[in-house]
Amino acid sequence: MAWMGLFFFLPLLLVFVISFMMRGTYGGVEWVFSLDNYAALLDPLYLRIYLRSILLATATTLLCLILGFPLAYYMARLPAHWQAVWMVLIMIPFWTNFLVRTYAWIFILRSEGLLNTVLMEIGLISQPIEILYTDAAILIGLVYGYLPFMVLPLYAALERLDRSLVEAAADLYATGWSRFRRVILPLAKPGVAAGCLLVFIPSVGAFITPDLLGGARTMMVGNLIQHEFLVVRDWPFGSAVSFVLMAMVMAGLWGYLRWEGRSWLWR
Amino acid sequence: MVKIRFLGVQGVSLGALAFLYLPVAVLIAFSFNDSRLSAVWQGFTIRWYGVMLTDDALLAAIGNSLVVGLCSTVVATILGLLAAVSLERMGSARGRLVETTLVLPLVIPEIMMGVALMLFFVTALVPLGLLTITIGHAVMNVPVVMVIVRARLRKLDPKLEEAARDLGATPWQAFRRVTLPLLVPSIIGAVLMAFTISLDDFIVAFFTAGPGSTTLPLKVYSMVKSGVSPAINALSAVLIVVSMLLIAVSLWFQRKGGVALFRE
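Small disclaimer: the values here were computed from a predicted structure and weren't measured.

Peer 1: Hey, could you run me through the overall build of chain A in this one?
Peer 2: Assigned secondary structure in chain A consists of 12 helices and 2 strands. If you line up chain A on its principal axes, its C-alpha atoms span 75 × 60 × 35 Å. Within chain A, buried positions represent 45% of all 267 residues. Considering only contacts within chain A whose residues lie at least 6 apart along the sequence, 70% involve residues at least 24 apart.

Peer 1: Would you take a moment to explain the overall build of chain B for this structure?
Peer 2: A count of helices and strands for chain B gives 13 helices and 0 strands. In sequence order, chain B lays out its α and β elements as α-α-α-α-α-α-α-α-α-α-α-α-α. On the principal axes, the C-alpha backbone points of chain B span a range of 70 × 70 × 30 Å. Taken across its 264 residues, chain B has 45% of its residues classed as buried. For chain B, restricting intrachain contacts to residue pairs at least 6 apart in sequence, the fraction spanning at least 24 positions comes to 78%.

Peer 1: For this particular structure, what's the right way to read the packing of helix α8 (residues 163-171) of chain A against helix α9 (residues 176-204) of chain A?
Peer 2: Helix-helix packing: each pair is described by the crossing angle between the helix axes and the interaxial distance. Residues and elements named next belong to chain A. Remark: α8 packs on α9, axes separated minimally by 10 Å, with the N-to-C direction vectors making an angle of 145°. Crossing geometry of α8 relative to α9 is assigned as right-handed. From α8, Leu165, Val166, Ala169 and Ala170 reach across to α9, where they touch Arg179, Val183 and Ile184. When the residues that make up the contact of α8 with α9 are grouped by side-chain class, the tally is 6 nonpolar, no polar and 1 charged.

Peer 1: Quick question: what am I supposed to make of unusual backbone geometry here?
Peer 2: Among all residues except glycine, the phi angle is most often negative; among peptide bonds, the trans geometry is most common. For Arg233 of chain A, which is not a glycine, the phi torsion comes out positive at approximately 60°. Tracing the backbone shows Arg233 of chain A in the loop between α11 (221-232) and α12 (235-266). We classify Arg233 of chain A as partly exposed; it has 15 C-beta atoms within 10 Å. The backbone of Leu125 of chain B sits at a positive phi, close to 60°, despite the residue not being glycine. Within the secondary structure layout, Leu125 of chain B lies in the loop between α6 (110-123) and α7 (130-155).

Peer 1: Would you mind showing me how to read the environment of Gly222 of chain A here?
Peer 2: Relative to the helices and strands, Gly222 of chain A resides in helix α11. Note: C-alpha distance between Gly222 of chain A and Leu253 of chain A (31 residues apart in sequence) is 19 Å. Once residues lying within four places of it in the same chain are set aside, the contact partners of Gly222 of chain A are Gly205, Ala206, Phe207 and Pro210 of chain A together with Ile111 of chain B.

Peer 1: Just to check I follow, could you spell out the interface of chain B and chain A for this structure?
Peer 2: Interface size is commonly expressed as the accessible area that is lost once the parts come together. Contact residues are listed per partner, giving 55 residues for chain B and 58 residues for chain A. If you list the elements that add at least two residues to the side of chain B that touches chain A, you get α1 (2-30), α5 (104-107), α6, α7, α9 (171-200), α11 (216-226), α12 (231-254) and α13 (260-263) of chain B. In terms of residue count, the dominant contributor to the side of chain B that touches chain A is α1 of chain B (15 residues). Here the residues of the side of chain B that touches chain A are counted per class, giving 45 nonpolar, 7 polar and 3 charged.

Peer 1: Which parts of the structure should I look at to understand the nonpolar core?
Peer 2: Generally speaking, nonpolar side chains in soluble globular proteins are found buried as a group. Membership of the largest hydrophobic core comes to 156 residues, with the highest contact counts inside it found for Ala72 and Leu154 of chain A together with Val115, Ala116 and Val145 of chain B. If we skip the residues at most four places from it in the chain, Val115 of chain B touches Val15, Ile225, Phe229, Gly238 and Ser242 of chain A together with Phe207 of chain B.

Peer 1: Sorry, what's going on with the packing of helix α7 (residues 135-159) of chain A against α9 of chain A here?
Peer 2: All names here are of chain A. Between α7 and α9, whose axes approach to 8 Å, the crossing angle comes to 160°. As far as their axial angle goes, α9 and α7 are roughly antiparallel. The handedness of the crossing between α7 and α9 comes out as right-handed. Residues Leu142, Tyr146, Phe149, Met150, Pro153, Leu154, Ala156, Ala157 and Leu158 of α7 lie in contact with α9, whose contacting residues are Ala188, Pro190, Gly191, Val192, Ala194, Gly195, Leu198, Val199, Pro202 and Ser203. Class assignment for the residues of the contact of α7 with α9 results in 16 nonpolar, 3 polar and no charged.

Peer 1: Would you mind showing me how to read the environment of Thr101 of chain B here?
Peer 2: Within the secondary structure, Thr101 of chain B sits in helix α4 (residues 92-102). As a C-alpha pair, Thr101 of chain B and Val145 of chain B span 44 residues in sequence and 15 Å in three-dimensional space.

Peer 1: Hey, could you run me through the confidence of the model for chain B in this one?
Peer 2: Predicted coordinates in areas of low pLDDT are best not read in detail. Residues and elements named next belong to chain B. Mean pLDDT over chain B: 84, with 91% of residues reaching 70 or higher. Per-residue pLDDT, averaged within each element of chain B, yields its smallest value for α13 (48) and its largest for helix α10 (residues 203-208) (93). Prediction confidence for the complex, expressed as pTM and ipTM, is 0.86 and 0.84 respectively.

Peer 1: Hey, could you run me through the environment of Val220 of chain B in this one?
Peer 2: Tracing the backbone shows Val220 of chain B in helix α11. Taking the number of C-beta atoms within 10 Å as the measure of exposure, Val220 of chain B has 22 and is therefore buried. Separated by 16 residues in sequence, Val220 of chain B and Ser236 of chain B place their C-alpha atoms 7.6 Å apart. Those residues within four positions of Val220 of chain B in sequence are excluded, and the remaining contacts are Leu99 and Val100 of chain A together with Ile232, Leu235 and Ser236 of chain B.

Peer 1: Got a minute to help me understand α7 of chain B in this structure?
Peer 2: Residues and elements named next belong to chain B. With 26 residues, α7 extends 38 Å between its outermost C-alpha atoms, agreeing within 8% with the 38 Å of an ideal straight helix rising 1.5 Å per residue. Remark: the principal bend of α7, roughly 30°, maps to Asn141, with a proline, Pro143, within the next four residues. Counted residue by residue, α7 has 22 buried out of 26 residues, so it is predominantly covered.

Peer 1: How do you make sense of the confidence of the model for chain A when you look at a structure like this?
Peer 2: All names here are of chain A. In this model, chain A carries a mean pLDDT of 84, and residues with pLDDT of at least 70 account for 95%. Mean pLDDT across the elements of chain A bottoms out in strand β2 (residues 29-30) (74) and peaks in helix α3 (residues 44-77) (92). Confidence over residues 263-267 falls short of pLDDT 50; this stretch has 0 contacts with residues more than four positions distant or in other chains.

Quick notes on the rules
- Residues numbered from 1 in each chain as written.
- Chains lettered and ligands numbered in written order.
- Predicted model: local features only at pLDDT ≥ 70, side-chain atom pairs only at ≥ 80, totals over all residues.
- Helix = DSSP H or I, 4+ residues; strand = E, 2+ residues; numbered from the N terminus.
- Buried ≥ 20, exposed ≤ 12 C-beta atoms within 10 Å, placed from the backbone.
- Contact = placed C-beta atoms within 7 Å.
- Axes fitted to C-alpha atoms, helices over the stretch in contact; angles between N-to-C directions.
- Left-handed = near helix turned anticlockwise from the far one by under 90°.
- Nonpolar A, V, L, I, M, F, W, Y, C, P; charged D, E, K, R; others polar.
- Core = buried A, V, L, I, M, F, W, Y, C linked by C-beta atoms within 7 Å.
- Parallel < 35°, antiparallel > 145°, perpendicular 65-115°, else oblique.
- pLDDT = per-residue confidence, 0-100.
- Expected span 1.5 Å × (residues − 1).
- Bend = angle between axes of the 7 residues up to and from the residue.

Encoded structure:
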C-alpha cells in the first residue's frame with residue numbers, strides 16, 4: 001500500500017498540483033499558482049484535439065462491440081475445451097508487444113503495402129488508396145489493439161448466460177432478433193459495460209497508435225501530452241492536459257462503478 | 001435457420017481472429033524478405049537476423065530490458081503477493097475499497113502513469129534512468145500480480161489453513177507450508193506475465209528513461225521512426241515470438257486465472 005501510495009498516488013497528485021503552476025524560463029516548473037494552463041486549454045485548437053480523441057475512442061468502442069459480440073457469443077457456445085483454446089488465442093496477441101504489433105500495420109496499410117497490392121491485384125481499385133497516416137488507420141489500429149479488452153468481459157458475461165432462457169424465449173415465439181434484444185443483450189449488459197469502458201479508456205489516451213499510424217495533422221490527446229512534456233517541455237501545461245484526460249477517465253469509471261453498484265443492489 | 005445464423009457468427013469470429021493474427025504473420029514473413037526497402041518481396045533471407053546480432057546498441061538495449069524486467073518483476077511479485085494475501089484477510093467492505101484502489105493503475109491510460117512518474121522523479125531529484133524505469137514497471141505490475149494470485153487464493157479451501165492451525169502450526173507456518181505451495185502455479189504465471197509486460201512496455205519507459213537507459217521497445221521505436229534498417233523487422237519478429245511464448249506459458253500456469261483480470 002505504501003509503495004503504491006508513494007509511486008502511484010503521490011505522482012498523480014503531483015500532476016494535479018503542477019497543472020496549476022507556471023512554466024519556468026528554461027522549462028521546468030515555477031512554483032507560482034495560476035490558472036493559465038486551464039485557460040489555455042480552452043483554445044479551439046486543443047478542444048478539437050480532445051474532441052477528435054473522444055470521437056475516435058467512441059468509434060473504436062462501437063466497432064469493437066460490433067466485432068466482439070459475435071465473437072464472444074460464439075466462444076461462449078463452444079465446447080469447454082475449445083473455449084479455453086479460443087480464450088488463449090485471444091489473449092496471446094493482447095499481451096504481446098503493442099508497439100511492434102502496431103508497427104506491423106504500416107506494412108499492410110501503406111500505399112505500396114499488402115492491402116493495396118491485394119486490392120489492385122483483384123482489380124477492385126486501380127490506384128492505391130491512402131489509408132496510412134489518416135484517421136482510418138488510427139481507427140483500424142485502435143480496434144485491433146483493444147478488441148480483446150471487449151471480447152474477454154463479454155465472453156465472461158455470455159458464458160454465464162443460461163441457455164434455457166434463450167430457448168424459453170424461442171418457445172414463446174420470439175424471433176431471432178427479439179431473442180437477442182430482449183434476452184441475450186440485457187443479460188450480457190454488465191459485460192458490455194465493462195468491455196466498452198476497457199476499450200474506451202486506453203483508446204482515448206492512446207499514444208503509440210496515432211503516433212505511428214496517424215499523420216502530422218491527426219493528433220490525439222496522447223500525442224499532445226507527449227509533445228508538451230518531451231518536445232515543448234512545458235510541464236505545467238502538459239500536466240493540465242493530462243489531468244483533464246484523467247478527469248474524463250475517472251468520470252467514466254465512477255459512472256460505471258455507480259451503475260454496477262446499483263444493479264447489484266437491485267439484484 | 002438457426003444453423004445458418006450460427007455459421008454467420010462463426011464467420012465473424014474466425015475473421016476477427018484472423019484480424020488479430022494477420023499483422024503478426026505479415027511482420028514475421030517480411031523479416032525474411034531479401035530487400036533493403038522491405039516493401040516488395042524479393043526472396044528469402046536470414047541476413048537481417050545476422051545484422052541484428054551485430055548491432056551493439058541493440059544488444060545493450062536487450063541487456064537493459066532484461067535487467068529492468070528481472071528487477072521490476074521481483075519487486076512487483078513480492079508486493080503483489082503481499083497485497084493479495086492481506087486483501088484476503090480484510091473485511092469485505094474495506095477489502096473491496098482497497099482492491100478497487102489497487103487495481104486503478106490497470107485502468108488509467110498508461111500515458112498518465114508515464115507522465116506522473118516522470119514529474120515525480122524529476123521533482124524528487126531522482127535521476128531518470130534504469131532505476132526509474134524499474135520502479136515504473138514495478139508500479140504497473142503490482143496490481144497484475146495481485147489480481148492473478150487473488151484469483152487462485154479465492155478458489156482455495158480455507159479449511160486447509162484451518163486444519164494446519166489445528167495441528168499446531170503458527171499462522172506463518174500455515175501460510176508458508178500450506179497456502180504458499182498451492183499458490184505456486186499462479187505465482188509463476190504472474191511472474192511471467194509481469195516480466196513480459198515489463199519487456200514490452202514502451203510508454204512508461206518512454207517517459208522515465210534517461211540518457212543511456214534505452215530499453216528494447218525504446219530502441220524499436222527509434223528504429224521505426226527513423227526507418228533505416230530492415231533489421232527492425234527481424235528484431236520485431238523475435239520480440240513478438242518471445243513475448244507470445246512467455247504469455248502462452250504464463251497462461252498455462254494460471255489456467256483460467258488470467259481471465260480474472262477482466263472479471264474485475
